[in-house]
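Here are the chains, one letter per residue:
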Amino acid sequence: MDTPIETTRNKQIGRWVLLGVVTAAMLALLLVIYEVDRSPRTDDASVWANYIEIAPEVSGRLVEIPIKDNQFVKKGDLLFVIDPRPYEYALQQSLSDQRALEEQIIDQRRRIAAQSSAVQAADAAVAISKTGIQTAGSNIDVARAAVTRAQAAATSAEAQLKLDTNNLHRIEPLLQKQYVTVEQVDQANTAVHVSQGRCDEAHAALLQAQAQLAQATLHHEEASSQAAESQAKLGQAIHAVDRIETPESQRPAKNSRVDSARLDLERTHVVAPFDAYVTSLNLSIGAYAHPGTPIFTLIDTRAWYVIANYRESKLKNIPIGAQVDVYLMGHPNRRFKGHVESIGYGVLPEDAQLASGLPNIERTLNWVHLSARFPVRVRIDDPDPQLFRIGETAVTVVR
């Protein structure tokens, strides 16, 4: 049986032990609080990845679907084929229209070349006509000079005839009085006859020169008429020349139709734009595809994320780029490394009446004023596509 001294001693030891345990518990609690505050963690996180809905860009019946639901496909793998025959026909028609236009342009150029030759010929005719006008004008000047000379010669011949006639009339009365000889009278009479001949010859030359002047004037008028006619033909030939700009302006439209038809034909074969998982594939060959209507979804496996919802009081200890340990609920013994890529700047307020495009993170206890939680986007550095699935629960610890 213990003595009173031993009992007192045991009580004191018990008090010290209890005090030590309480102190150690308090220290451990403070350490845990410090560690949790320094390295925030949450199990309100889910796995996320980018995804796209695959929708055809052309309409038609599906004739080939070489993939299956939940299948992994690589970039460039064929996803499905839409019946290409209508688009092949459309491409052939567009190419035919394009070739027809090019042939039309070639024919048009040939016609323009012939019409241009006609213009050149008409231009040459105009030049010849102008030369004829100049020649006719020169002939008129020559004829006018000849008329002037003939008029002068006729005037001179008339004056000589008048002189000789007057001389004959003066000496004829003197013959009876024998003041002049018969020979002198005969000589005067002969001179009159000679002057009369010369006068007649001069008048004939004048008439001939006047006729040549009239003919030269007529030729000038004919040359002027021919020049006007040639000028009119030149204008007609110029206006008759076709323009190549009209058919050539149709080239861009024809080329666009060919490119559009070729693009539509290419769109009948849809391939994977990146490495991905196929999901929500629930259709068979023969289904009719409509442009813009999604057929299935591709989950992009190139980048995986975890969206972790942290309380606003913890955001001060979560810097951008901080290292994060990630654990999947289905594989709690495996740790994945990541880093904080971004932190959300808005969530749907608690008293909001209408959704406004912000993340709606519900608060579990409505009767207690809880702090808001903001989504933290964590990029996984070493993801395993075989283990990661969108919507999978995760635990994140910010280091």
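What you see is a predicted model, and the numbers here were worked out from it, not measured in a lab. (Residues numbered from 1 in each chain as written. Predicted model: local features only at pLDDT ≥ 70, side-chain atom pairs only at ≥ 80, totals over all residues. Heavy atoms only, no water.)

A closer look at the overall build of the protein chain
A tally of regular secondary structure across the protein chain gives five helices and 12 strands. In the protein chain, which comprises 399 residues, the proportion classed as buried is 30%. Counting only contacts in the protein chain whose residues sit at least 6 apart along the sequence, the fraction spanning at least 24 positions is 81%. (Helix = DSSP H or I, 4+ residues; strand = E, 2+ residues; numbered from the N terminus. Buried < 20%, exposed > 50% of the residue type's maximum accessible area, 1.4 Å probe, protein only. Contact = heavy atoms within 4.5 Å.)

What to know about the pattern of salt bridges
With the rule as written, the count across this model stands at 13 salt bridges. The salt bridge involving Arg85 is made with Asp83; its shortest N-O contact spans 2.9 Å. Take Arg85: its relative accessible area is 48%, and that puts it in the partly exposed class. For Arg302, the salt bridge goes to Asp300, with nearest N and O atoms at 2.8 Å. What emerges from the salt-bridge pattern is a single network uniting Glu57, Asp264 and Arg267. (Salt bridge = Lys/Arg side-chain N within 4 Å of Asp/Glu carboxyl O.)

Description of the sheet that holds strand β5 (residues 269-271)
Taken together, the four strands give an open sheet; going across it, the order is β5-β4-β2-β7, and neighbouring strands pair in antiparallel fashion. Edge positions in the sheet fall to β5 and β7 (288-289), since each of these pairs with one other strand and no more. Relative to strand β4 (residues 78-82), strand β2 (residues 60-64) is paired through two bridges, and the arrangement is antiparallel. In the sheet register, Glu64 faces β4, and the bridge partner there is Val81. (Pairing = 2+ DSSP bridges.)

Topic: the pairing of strand β10 (residues 331-343)
It is a general feature of regular strands that their side chains alternate between the two faces of the sheet. Of the pairings in the sheet, the one linking strand β9 (residues 323-328) to β10 comprises six bridges and is antiparallel in character. Looking at β10, one finds that Leu328 is bridged to His331. Between the end of β9 and the start of β10, which pair antiparallel, lie two residues. Relative to strand β11 (residues 373-380), β10 runs antiparallel, the two sharing five bridges. Paired with Ser342 across the bridge in β11 is Arg377.

Some remarks on the side chain of Arg373
By the secondary structure assignment, Arg373 is in strand β11. For Arg373, a relative accessible area of 18% corresponds to the buried category.

Observations regarding the nonpolar core
Counting residues in each nonpolar core, the largest one holds 28 residues, and the members touching the most others are Val306, Ile318, Val326 and Val376. Mapped by element, the contributors of at least two residues to this core are β1 (41-54), β8 (296-311), β9, β10, β11 and β12 (393-398). At five residues, the largest contribution of residues to this core is made by β8. Residues Leu62, Val73, Phe274 and Ala289 belong to the second largest nonpolar core, which totals 24 residues. (Core = buried A, V, L, I, M, F, W, Y, C linked by side-chain atoms within 4.5 Å.)

Thoughts on the side chain of Asp384
Mapping Asp384 onto the fold places it in the loop between β11 and β12. Among residues more than four places away in sequence, those in contact with Asp384 are Arg334 and Phe336.

Focus on the environment of Ile380
Note that Ile380 resides in strand β11. Sequence separation between Ile380 and His339 is 41 residues; the distance between their C-alpha atoms is 6.7 Å.

Regarding the pairing of strand β6 (residues 276-279)
Summarising the sheet, strand β3 (residues 72-73) and β6 pair through two bridges and their orientation is antiparallel. Counted as the bridge partner of Phe72 is Tyr277 from β6. Two strands pair when backbone bridges link them, and β6 and β8 are joined in this way by four bridges, in the antiparallel orientation. What sits directly across from Tyr277, in β8, is Ile299.

So, the packing of aromatic side chains
Here the structure, examined in full by the defined rule, presents five aromatic pairs. Measuring from ring centre to ring centre gives 6.1 Å for Trp48 and Tyr51, while their planes differ by 70°; the resulting arrangement is edge-to-face. Given the relative accessible area of 44%, Tyr51 is considered partly exposed. Ring geometry for Trp304 and Phe388: centres 5.8 Å apart, planes at 45°, overall tilted. Of this pair, Trp304 sits in strand β8 while Phe388 sits in the loop between β11 and β12; the two residues are 84 residues apart in sequence, bridging distant segments of the chain. Accessibility classification places Trp304 together with Phe388 in one group, the buried group. An aromatic cluster is built from Trp304, Phe336 and Phe388, whose rings are joined through pairwise contacts. One residue, Arg377, lies across the ring of Tyr305, its end atom 3.8 Å from the ring centre. (Phe/Tyr/Trp six-rings, centres within 6.5 Å; stacked < 30°, edge-to-face > 60°. Lys NZ or Arg CZ within 6 Å of the ring centre and 35° of its normal.)

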